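Observations on the model geometry
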Amino acid sequence: MRRPPKDTEESARRITRRGLVLGGSMLAFMGVLAGRMRYMQVDQAEEFRLLAEENRINIRLIPPARGLIFDRNGQPVAENIQNYRIVIVREDAGDLDETFAKLRSLVPLSDDDVERALREIRRRSPFVPVTIADQLNWEDVAEVAVNAPALPGVTPEVGLTRHYPLEADFAHVVGYVGPVSDYDLSKLENPDPLLQIPKFQIGKIGLEAKREDQLRGSAGTKRIEVNAGGRVMRELSRQEGQKGADLQLTLDRDLQNFVNARLGSESAAAVVMDVHSGDILAISSAPSFDPNLFVRGISVKDYRALTENDHRPLADKSVQGTYPPGSTFKMVTALAAHEAGVVTAGETIYCGGYKQLGTRRFHCWKRGGHGFVDLHDSLMRSCDVYYYELAERVGVEKISEMAKRLGIGIRHELPMSAVAEGLAPTKAWKEARRQESWMVGDSLNASIGQGFVLASPLQLAVMSARIATGEAISPRLVKSIDSVEQPILTDGPIGLSPTTLQQVRKAMFSVVNSRRGTAYRSRLLPDDMEFAGKTGTSQVRSVVVKNSEVPWEQRDHALFVCFAPYDKPRIAVSVVIEHGGGGSSAAAPVARDIVARALHGDVPPLEVYPAGERAKVAEIFESMPLRSREDGQNGSDRA
């Protein structure tokens, strides 16, 4: 018998091997397919059965925890607290009238609460949970949970709500949150799905609004199983969202409280700024308000009390308010004229009580005049005529340029609501805004911080810091975000003659520490607390009448700016008291106490004050509602 050729034999073996490989592959594929079918039919049978039976698995968003806000020392300024609430899903609820009737027998719901909830339910998609009641106590929530089988679509929940433990102290800075409104949604092109959750809280004003995207975080999701009656049976899975970023402010909680308490019931504002870093250590607007009222839903009575108050507690005077800076602006005019070379530091100008310009007299505040004054005396004694003369020589353009170099007439970018730009007017500005030509008299008015010039307390603090250091430092409010330090903002030196700056500083020192200075009564005694400043009084009426003879709203504004200590400046302070009268009598003592508190690190001892001032200071401190450091409650931290 003939054997097949070797090549035929080899070919047959190759075919056999291929068949085995192919068969094995097919068997393996069939095995994987069978395993997958078993996994879906046996292991996942329950889940697919639920999915097939009337869509009984719902997916709901989990609101993230809002980022926290702390002061520069890590003390909480805005926090989240537990909030017990009841929500309802319309598509699972069945007869709404019956459900609400049962609910009202368990928890306190007014007719207004029910009407509001029904209105919200009609506006939302059927699957969106709507909050019926929140801020409930544990007993009410437990009562609803026990009766859950009789309340289809109703679920008790534990969520988080915003709380401001320091109440009014940080109201204008941090602002407050509130439920998302249709107006909020209308401002967004692609709103976050989170914002569709009824009563979801977002920032309304202040830092809460300006840093909303960072504080909000991102949503999580949960898959829940419900029965045919709409009752939640169990949670199948959960994916947590991303918590909002934590912000640390540059503000000092205790200093902020002291400044608020020192301003008291005045309509006023004050700013304390680190002259080297630009950190805002305290920024206060008085009177203030409790932001927690808005989080919970402010009553008509409470809101009317705020809006009808003539001291305007809702307005943030520290950054929104702009005022004629009065004589605190004289440093700007002096620096502009001396840098331009139209006057020298030792040159004297005669003040006879007024300056004649055509047929009009521009009066000095001292009717009899100051006689011959130079730069130092003009600032120390606040002579107006000296600055009228400088303005006529140097012109408004250079004055405006110097004002902006020192921080007035520009908007400082802080995450606060409606930060004002102020106004350092020019000829072009008046032509464009008023369709009038600039007059020399306008320059004279501007030279002493009147006329068209406007500045906010924040800008006046920046001006003082730049004069103190010669550096173009800018204010900073947020120190770090999730522990990442934020940059210090500075454009380097402001480019002014060190000699001229030092002459201005010396004159400001004499304002406070010379017997002839306008703020001599507001000095501090220790060498390491000596400070330099400038008083200002800005008119709000054209007729010259004593402040005591006119109503409060027609009295002059009182201003004071300063830096301290004089030899090694650390802080700059500005104070504006609306209709306070004179800067030396109303604003300077407030600034003095703030300086003493900031430098001492606590409520200052009476020994730092002149003997004749101590009784008055003691009385003021005794009446101030200072918080204790331990728990943030009202108390005294004077040991």
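Here's a quick rundown of the structure.

Thresholds, definitions, all that
- Note on numbering: residues in each chain are counted from 1, in written sequence order.
- Totals for whole chains, interfaces and linings use all residues, but because this is a predicted model, local features are given only for residues with pLDDT of at least 70 and pairs of side-chain atoms are given and counted only at 80 or more.
- Only hydrogens and water are removed before side-chain values are computed, so all heavy atoms of the structure are retained for them.
- Helix numbering and strand numbering both begin at the N terminus, where a helix is a DSSP run of H or I of at least 4 residues and a strand a DSSP run of E of at least 2.
- For the radius of gyration, the atom set is restricted to C-alpha positions; the globular benchmark scales as 2.2 Å times the number of residues to the power 0.38.
- Note on definitions: a residue-residue contact is assigned when non-hydrogen atoms from the two residues lie within 4.5 Å.
- Using a 1.4 Å probe, the Shrake-Rupley method yields the accessible areas, and only the shown protein chains count as cover for residues.
- This count recognises Lys and Arg as positive and Asp and Glu as negative, with His and chain-terminal groups excluded.
- The atoms used to mark charge sites are NZ of Lys, CZ of Arg, CG of Asp and CD of Glu.
- Surface patches are drawn from residues lacking salt bridges whose relative accessible area is over 30%; two like charges belong together within 9 Å, two nonpolar side chains (Val, Leu, Ile, Met, Phe, Trp, Tyr) within 5 Å.
- The term salt bridge refers to a pairing of a side-chain nitrogen on Lys or Arg with a carboxyl oxygen on Asp or Glu at a separation within 4 Å.
- For cavity detection a 1 Å grid was placed over the protein atoms alone, and a set of points counts as a cavity when a 1.4 Å probe fits there but cannot get out; an open set counts as a pocket when protein lies on both sides within 12 Å along at least five of seven lines, with lining residues being those that have an atom within 4 Å of a point.
- Grid points are joined across faces, edges and corners, and a volume is the space filled by probe spheres set on the points.
- Gly is placed with the polar residues, together with every amino acid not listed as nonpolar (Ala, Val, Leu, Ile, Met, Phe, Trp, Tyr, Cys and Pro) or charged (Asp, Glu, Lys and Arg).
- Geometry is summarised by axes, namely lines fitted to C-alpha atoms with helices restricted to the contacting stretch, and by angles between N-to-C directions that run from 0 to 180 degrees.
- Relative accessibility decides the category of a residue: with a 1.4 Å probe and only protein chains considered, values under 20% of the type maximum give buried, values over 50% give exposed, and everything between is partly exposed.
- Within 3.5 Å is the distance limit for a polar contact, defined as a pair of N or O atoms, with the added protein rule that one can donate a hydrogen and the other accept it, and that residues adjacent in sequence qualify only through two side-chain atoms.
- As used in this record, nonpolar core signifies buried Ala, Val, Leu, Ile, Met, Phe, Trp, Tyr and Cys residues forming a set joined through side-chain atoms within 4.5 Å.
- Strand pairing requires that DSSP identify at least two bridges connecting the strands.
- To estimate how far a helix should reach, multiply one less than its number of residues by 1.5 Å.
- Of all possible arcs, the one meant is that of the directions from the helix axis to the C-beta atoms.
- Each pair of aromatic rings taken from Phe, Tyr and Trp, with Trp reduced to its six-membered ring, is defined by centres within 6.5 Å and is described as stacked if the planes are under 30 degrees apart, edge-to-face if over 60, and tilted in the remaining cases.
- Here, a charge over a ring means that NZ of Lys or CZ of Arg falls within 6 Å of the ring centre while also lying within 35 degrees of the ring normal.

A closer look at the overall build of the chain
- Broken down by element type, the chain carries 23 helices and 23 strands.
- Taking 2.2 N^0.38 as the reference for a compact globule, 639 residues should give roughly 26 Å; the C-alpha atoms of the chain span a radius of gyration of 35 Å, well beyond that estimate.
- Taking the principal axes of the C-alpha coordinates as reference, the chain spans close to 140 × 85 × 55 Å.
- Partitioning the intrachain contacts of the chain with sequence separation of at least 6 by distance along the chain shows that 70% fall at a separation of at least 24.
- Total accessible area on the chain is roughly 30100 Å²; 51% of this is exposed by carbon and sulfur atoms.
- Looking at charge distribution, the chain has the averaged site of its 81 positive side-chain charges lying 4 Å from that of its 83 negative ones.

Remarks on a nonpolar patch on the surface
- Taken together, the side chains of Phe29, Met30, Leu33 and Met37 present a nonpolar region at the surface, about 430 Å² in accessible area.
- Relative to the helices and strands, leucine 33 is located in helix α1 (residues 6-43).

Topic: unusual backbone geometry
- Following alanine 286, the chain continues into proline 287 via a peptide bond in cis, with omega recorded as -5°.
- Structurally, the position occupied by proline 287 is in the loop between β12 (280-286) and α12 (292-296).
- Phi angles above zero are rare outside glycine, and arginine 312 is one such case at about 50°.
- Of note, arginine 312 is situated in the loop between α13 (300-307) and α14 (330-340).

Thoughts on empty space enclosed by the protein
- Going through the model one piece at a time under the given rule, you end up with three cavities of 30 Å³ or more.
- Here the second largest cavity is characterised by a volume of approximately 40 Å³.
- Of the residues contributing to the lining of the second largest cavity, the split by class is five nonpolar, six polar and one charged.

Section: the packing of helix α20 (residues 457-469) against helix α21 (residues 498-513)
- At a minimum axis distance of 9 Å, the contact between α20 and α21 shows a crossing angle of 120°. From α20, Ile467, Ala468 and Thr469 reach across to α21, where they touch Leu501, Val504, Arg505 and Met508.
- When its residues are assigned to classes, the contact of α20 with α21 shows five nonpolar, one polar and one charged.

Side note on the environment of asparagine 309
- As for its placement among the helices and strands, asparagine 309 is situated in the loop between α13 and α14.
- Taking relative accessible area as the criterion, asparagine 309 reaches 30% and is therefore assigned partly exposed.
- The spacing of asparagine 309 and serine 443 is 134 residues in sequence and 36 Å in space, taken between C-alpha atoms.
- Polar side-chain contacts of asparagine 309 include one of 2.8 Å to the backbone nitrogen of histidine 311.

Remarks on the nonpolar core
- The biggest cluster of nonpolar side chains holds 52 residues, and the ones touching the most others in it are Tyr386, Leu406, Met463 and Ile467.
- Top element by residues in this core is helix α16 (residues 384-394). It accounts for seven residues.
- Setting aside its immediate chain neighbours within four residues, tyrosine 386 contacts His338, Val343, Glu347, Ile349, Val373, Asp374, Leu375 and Ser378.
- Core analysis: the second largest hydrophobic core is formed by 42 residues, Val272, Ala286, Val512 and Val575 among them.

Some thoughts on the sheet that holds strand β11 (residues 268-274)
- The antiparallel open sheet is built from five strands, whose spatial order is β12-β11-β23-β22-β21. The open sheet has two free edges, formed respectively by β12 and β21 (532-538), since each of these has just one partner strand. Strand-to-strand twist in this sheet, taken as the mean axis angle between neighbours without regard to direction, amounts to 5°.
- Along the sheet face, helix α11 (residues 253-263) touches β11 and β12 and points at about 30° away from the line of β12.

Side note on helix α5 (residues 111-123)
- The first and last C-alpha atoms of α5 sit 18 Å apart over 13 residues, in line with the 18 Å expected at 1.5 Å per residue.
- Considered for burial, the residues of α5 that qualify are Val114, Ala117, Leu118, Glu120 and Ile121. Around the axis of α5, the buried residues are gathered within 160° of arc, so they sit on the same side. Projecting away from the buried face of α5 at angles above 90 degrees are the exposed residues Asp111, Asp112 and Arg122.
- Considering only its buried residues, α5 is in contact with β3 (76-88), α3 (90-93), α4 (96-104) and β4 (130-136).

Quick look at the packing of aromatic side chains
- Tallied over the full model, the rule gives 15 aromatic pairs.
- Between phenylalanine 289 and phenylalanine 294, the ring centres sit 5.7 Å apart and the planes meet at 75°, which makes this aromatic pair edge-to-face. The pair formed by phenylalanine 289 and phenylalanine 294 is uniform in burial state, with each residue classed as buried.
- A cation sits over an aromatic face here: arginine 361 above tyrosine 354, 3.9 Å from the ring centre.
- Between the NZ or CZ atom of arginine 523 and the centre of the ring of tyrosine 520, over which it lies, the distance is 3.8 Å.

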